[in-house]
Amino acid sequence: MSVVRALLAHIVDYAGLFAPASLDMERAVRNYYEYRHGEYDWMLGNFVVPATRLAEFAEAFDAVCAREDEKPWKLNVLCTGDDLRADVRLIDAMDLDRGSPEAYEAKALNATAANQILKVLLRGHSRYIEFAPEKAGTVLPVLTRYEARAKLRTGGVTAEAIPPAKTVIRFLQACKRHRVPFKGTAGLHHAMRGTRALTYDLGSPTAKLHGFLNLLLTAALVQMGAAEEAAVKTLLEEDPAAFRVDEEHEDAIEWHGNRLTVEQALQLRAELVIGFGSCSFMEPVEDLQAMRWL
């Protein structure tokens, strides 16, 4: 196995329904179907859908896949409604011939809210709790107790939604310390950090967005116990040439004097970084192609 495969296998949960893409259900379902049957299906994770739109998902699945021998899709279901128990009932009522809920995702304002949510989201599925990264010290012990996972919002449609580098790194350090895996979400369309448009609208404001490779390799340094200074440098790196794959053996990624092997990448994905959600699947692929990683 190459180190790129080890690091990036099934890493992108497709969130085409969400901003800034904000696709309609049938278009998002059709895209996911094409990605599942495309060359880079090995990078594709689950389909992200709100519980309140599961019936709409089922209709779109039938419209897109009616003539195909399509296996049920793995879903990350967002519990976004006002009534968490109502969301769970919608999930429980799903026709499993179309989609199989693999994970619940929900937001919590604090540790107390996280505890209340996890009492409702019973074991049997992976459970992700999104919270302000500054509250990691109080929320992560709750997640540890329930064997739940964390969710880190790394961007959004405003510059204020992008957390500073040290905030991200201290969140990663806390996840490692409490042995809580996490997934990233928002703003991770591109491999490398850089100045990007915040939306797909013409004339959109721009901001420095975190890159998903920056985040992954920063998490690798945290996993290895590297100094915070090295982690900051990696998260803020903007030159794609700084991150190199051994071209002859493809068994390691090298950057800033650091090295990530296949075995370390597999451990990282198993213990700390589960993946990230993105409203675009092709932008990550195209960036990696431009870097000659694919």
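The structure under discussion appears in the preceding block.
Definitions and cut-offs
- Residues numbered from 1 in each chain as written.
- Predicted model: local features only at pLDDT ≥ 70, side-chain atom pairs only at ≥ 80, totals over all residues.
- Heavy atoms only, no water.
- Salt bridge = Lys/Arg side-chain N within 4 Å of Asp/Glu carboxyl O.
- Helix = DSSP H or I, 4+ residues; strand = E, 2+ residues; numbered from the N terminus.
- Buried < 20%, exposed > 50% of the residue type's maximum accessible area, 1.4 Å probe, protein only.
- Pairing = 2+ DSSP bridges.
- Axes fitted to C-alpha atoms, helices over the stretch in contact; angles between N-to-C directions.
- Contact = heavy atoms within 4.5 Å.
- Parallel < 35°, antiparallel > 145°, perpendicular 65-115°, else oblique.
- Left-handed = near helix turned anticlockwise from the far one by under 90°.
- Nonpolar A, V, L, I, M, F, W, Y, C, P; charged D, E, K, R; others polar.
- Core = buried A, V, L, I, M, F, W, Y, C linked by side-chain atoms within 4.5 Å.

**Student:** What am I meant to see in the pattern of salt bridges here?
**Tutor:** Where charged atoms of side chains with opposite charge meet at close range, the side chains can pair. Taken as a whole, this structure holds 16 salt bridges when the rule is applied. Between Glu105 and Lys183 there is a salt bridge, with the nearest N and O atoms lying 2.8 Å from each other. Of this pair, Glu105 sits in strand β4 (residues 99-107) while Lys183 sits in strand β7 (residues 182-185), and the two are 78 residues apart along the sequence. We note that Glu105, like Lys183, is buried. Through salt bridges that share partners, Asp13, Glu105, Glu130, Lys151, Arg153 and Lys183 make up one connected network.

**Student:** Before we go on, may I ask you to explain the sheet that holds strand β1 (residues 12-14) in this structure?
**Tutor:** By way of backbone hydrogen bonds, the strands of a sheet pair with one another, either parallel or antiparallel. The strand order around the closed barrel built from 8 strands is β1-β2-β3-β4-β5-β6-β7-β13, with neighbouring strands paired in parallel fashion. The mean inter-strand angle of the sheet, taken between neighbouring strand axes irrespective of direction, is 30 degrees. Of the strand pairs in this sheet, strand β3 (residues 73-78) and β4 are connected by 6 bridges, and their pairing is parallel. Its bridge partner lying in β4, Val77 is registered against Tyr104. The sheet contacts of helix α5 (residues 111-120) involve β4 and β5 (126-130), and relative to β5 the element is tilted by about 155 degrees.

**Student:** So what exactly am I meant to see when it comes to the packing of α5 against helix α6 (residues 136-146) here?
**Tutor:** Relative orientation and spacing of two packed helices are given, respectively, by the angle between their axes and the distance between those axes. α6 packs onto α5 with a crossing angle of 20 degrees between their chain directions and a minimal axis gap of 8 Å. Overall, the two elements α5 and α6 adopt an arrangement that is roughly parallel. By crossing handedness, the relation of α5 to α6 is classed as right-handed. Within the contact between the two elements, α5 uses Ala111, Ala114, Asn115, Leu118 and Lys119 and α6 uses Thr138, Val139, Val142, Leu143, Arg145 and Tyr146. Of the residues assigned to the contact of α5 with α6, the class counts are 7 nonpolar, 2 polar and 2 charged.

**Student:** Help me understand the sheet that holds strand β12 (residues 258-261), please; the structure alone is not making it clear to me.
**Tutor:** Ordered by their spatial adjacency, 3 strands build an open sheet running β10-β11-β12, and the pairing between neighbours is antiparallel. The strands lining the two open edges of the sheet, one partner per strand, are β10 (244-245) and β12. Here β10 runs beside strand β11 (residues 252-255); their pairing, made up of 2 bridges, is antiparallel. Within β11, the residue paired with Arg244 across the bridge is Glu254.

**Student:** Just to check I follow, could you spell out unusual backbone geometry for this structure?
**Tutor:** What is expected of a backbone is that most residues other than glycine have negative phi and most peptide bonds are trans. Each neighbour pair has its own omega, and for Ala19 with Pro20 the value is 5 degrees, a cis peptide bond. Within the secondary structure, Pro20 is located in the loop between β1 and α2 (25-36). Positive phi, close to 55 degrees, is recorded for Glu147, a residue that is not glycine. Residue placement: Glu147 occurs in the loop between α6 and β6 (149-153). Its identity as a non-glycine residue notwithstanding, Arg179 has a phi of 55 degrees, on the positive side. A relative accessible area of 75% places Arg179 in the exposed class.

**Student:** Got a minute to help me understand the nonpolar core in this structure?
**Tutor:** The nonpolar side chains of a soluble globular protein tend to be buried, and buried together. Core analysis: the biggest nonpolar cluster contains 98 residues, and Leu7, Leu8, Phe47, Trp73, Leu143, Phe182 and Leu213 have the highest contact counts within it. Per-element tally for this core: the top contributor is helix α8 (residues 212-224), with 9 residues. Ignoring sequence-local partners within four residues, the contact set of Leu143 consists of Ala114, Leu118, Ile129, Phe131, Ala148, Arg149, Ala150 and Val180.

None of this, on its own, says anything about what the molecule does.
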